[in-house]
Amino acid sequence: MEMKDIRYEPVVDIGKDDALLVVDIQNDFMPAGALPVAQGDMIVRGINAVMKLFNRCGASVVLTQDWHPQGHHSFASAHEGKAPYDPYDAPGLGPVLWPDHCVQGTHGADFHPELDTDMAHAAIRKGYHLLIDSYSGFFENDMKTQTGLEGYLRTRGVRRVFVCGLALDYCVYYTASDAMKTGFEVYIVMDLTRAAGSPGDSISTAIETLASAGVRFVNSPEVRHGG
Ligand code: VGL
Ligand code: ZN
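Predicted model, so just to flag it, every value in this text is computed and none were measured.

### Looking at the overall build of the chain
- Within the chain, the regular secondary structure consists of four helices and eight strands.
- Order of helices (α) and strands (β) in the chain, N terminus to C terminus: β-β-α-β-β-α-β-α-β-α-β-β.
- The C-alpha radius of gyration of the chain comes to 16 Å, within 12% of the 17 Å expected for a compact globule of 227 residues.
- Dimensions of the chain, computed from C-alpha atoms along their principal axes, come out at roughly 55 × 35 × 35 Å.
- Per-residue burial over the chain gives 54% buried out of 227 residues.
- Distance between charge centres in the chain, computed from 18 positive and 29 negative side chains, equals 9 Å.

Structure, rendered in structure tokens:
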């Protein structure tokens, strides 16, 4: 399934039991960053606008932040003879290794300077265990260690989550699919996401898997105030 085959929802009205998840809008995922996502900077203004909309609607806004210790095992540099984007498969890691990125306390791990973080009610950090990655905002890649996001959303009465941010084929993908598994209704705000595109089929695999899991797709102009 390709991007052009996606069926988009008509207007979606936002209310109190909705949450916007803004995934990994951090310097290292920007075009000049360590793990660049093409056009990653082009979605920041649109995300600010939709965060504002969710605030006006009484809905929740949560940021996620990739937050690795130095020497994290998702980094190629932690493995003898490996280069960034080399295939790698180990429990909680892979399918590829990454350049060093989003190291705790560095500029690369900071949110994009133009992201209006004042509009967020909470931020969830992930990927801070040395030996295991966490693409999803909900679970680490061992598929059982919780970040606490599910509890946060549940205790606030959230039923639907809207996911935007970076990267569509990794952290957005895993966040959306774990949100489905956890029992939320899930929408991806497609115009406010961009993909890493590595390996080559990662984008089509992601959207196909999400669509067949029941995830819905929408664009931000169709996301409106419920009134
Ligand atoms: C991500 C690769 C490694 C992401 C994070 O935010 O999509 N991708 N760490
Ligand atoms: Zn990472």
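### Regarding the coordination of the zinc ion (ligand 2)
- For the zinc ion (ligand 2), the full set of protein donor atoms is Asp-66 (OD), His-68 (NE2) and His-101 (NE2), and the range of their distances to it is 2.0 to 2.1 Å.
- Viewed at the metal, the four donor atoms of the zinc ion (ligand 2) are separated by angles of 88 to 170°, and the geometry they form is irregular.
- Motif for the zinc ion (ligand 2), donor spacing along one chain: D-x1-H-x32-H. Residue Asp-66 is found in strand 3 (residues 60-66), and its partner His-101 is found in the loop between strand 3 and strand 4 (122-126); the two are separated by 35 residues along the sequence. A single burial state applies to Asp-66 and to His-101, both of which are buried.

### A closer look at the environment of His-68
- Position of His-68 among the secondary structure elements: in the loop between strand 3 and strand 4.
- His-68 gets classed as buried once you look at its relative accessible area, which sits at 0%.
- Sequence separation of His-68 and Ala-211 is 143 residues, and the distance between their C-alpha atoms is 30 Å.
- A distance of 3.1 Å separates a polar atom in the side chain of His-68 from a polar atom in the side chain of His-101.

### Focus on the state of the cysteines
- For the coordinates displayed, the defined rule picks out zero disulfides.
- In this model Cys-57 remains outside any disulfide bridge; the closest cysteine sulfur is found in Cys-164, 14 Å from its own.
- By relative accessible area, Cys-57 is classed as buried at 7%.

### So, the site of ligand 1
- The environment of ligand 1 is formed by Asp-24, Phe-29, Leu-35, Asp-66, Trp-98, His-101, Tyr-135, Leu-166, Ala-167, Tyr-170 and Cys-171.
- Within the side chain of Asp-24, one N or O atom sits 2.6 Å away from an oxygen atom of ligand 1.
- In this structure, an oxygen atom belonging to ligand 1 sits 3.1 Å away from a main-chain N or O atom of Cys-171.
- Residues of the shell around ligand 1, tallied by class, amount to eight nonpolar, one polar and two charged.

### Side note on the environment of Ala-211
- Considering the arrangement of structural elements, one finds Ala-211 in helix 4 (residues 202-213).
- Judged by relative accessible area, which is 27%, Ala-211 ranks as partly exposed.
- Through-space distance from the C-alpha of Ala-211 to that of Gly-137 is 19 Å; in sequence the pair is 74 residues apart.
- Apart from the residues within four sequence positions on either side, Ala-211 is in contact with Met-1 and Phe-217.

### Things to note about the pairing of strand 6 (residues 185-194)
- Among the ten residues of strand 6, seven are classified as buried, and the element is accordingly described as predominantly covered.
- Relative to strand 6, strand 5 (residues 160-166) runs parallel, the two being bridged by six bridges. Each residue of the ladder has a partner; that of Phe-162, found in strand 6, is Tyr-187.
- Chirality of the crossover, the property in question, places the unit of strand 5, helix 3 (residues 168-181) and strand 6 among those that are right-handed.
- Across three bridges, strand 6 lies against strand 7 (residues 216-218) in parallel orientation. Residue Ile-188 lies in a different strand from strand 7, and its bridge partner there is Phe-217.
- For the segment spanning strand 6, helix 4 and strand 7, crossover handedness is right-handed.

The rules behind each value
- Residues numbered from 1 in each chain as written.
- Chains lettered and ligands numbered in written order.
- Predicted model: local features only at pLDDT ≥ 70, side-chain atom pairs only at ≥ 80, totals over all residues.
- Heavy atoms only, no water.
- Helix = DSSP H or I, 4+ residues; strand = E, 2+ residues; numbered from the N terminus.
- Rg over C-alpha atoms; globule rule 2.2 N^0.38 Å.
- Buried < 20%, exposed > 50% of the residue type's maximum accessible area, 1.4 Å probe, protein only.
- Lys, Arg positive; Asp, Glu negative; His and termini not counted.
- Charge placed at Lys NZ, Arg CZ, Asp CG, Glu CD.
- Donors = N, O, S within 2.8 Å, 3.2 Å for Na, K, Ca; no water.
- Tetrahedral: all angles 85-135°; square planar, octahedral: opposite > 155°, others 65-115°.
- Polar contact = N/O pair within 3.5 Å; in protein donor to acceptor, adjacent residues only side chain to side chain.
- Disulfide = S-S within 2.5 Å.
- Near = heavy atom within 4 Å.
- Nonpolar A, V, L, I, M, F, W, Y, C, P; charged D, E, K, R; others polar.
- Contact = heavy atoms within 4.5 Å.
- Pairing = 2+ DSSP bridges.
- Right-handed = clockwise from strand over helix to strand, strands pointing away.

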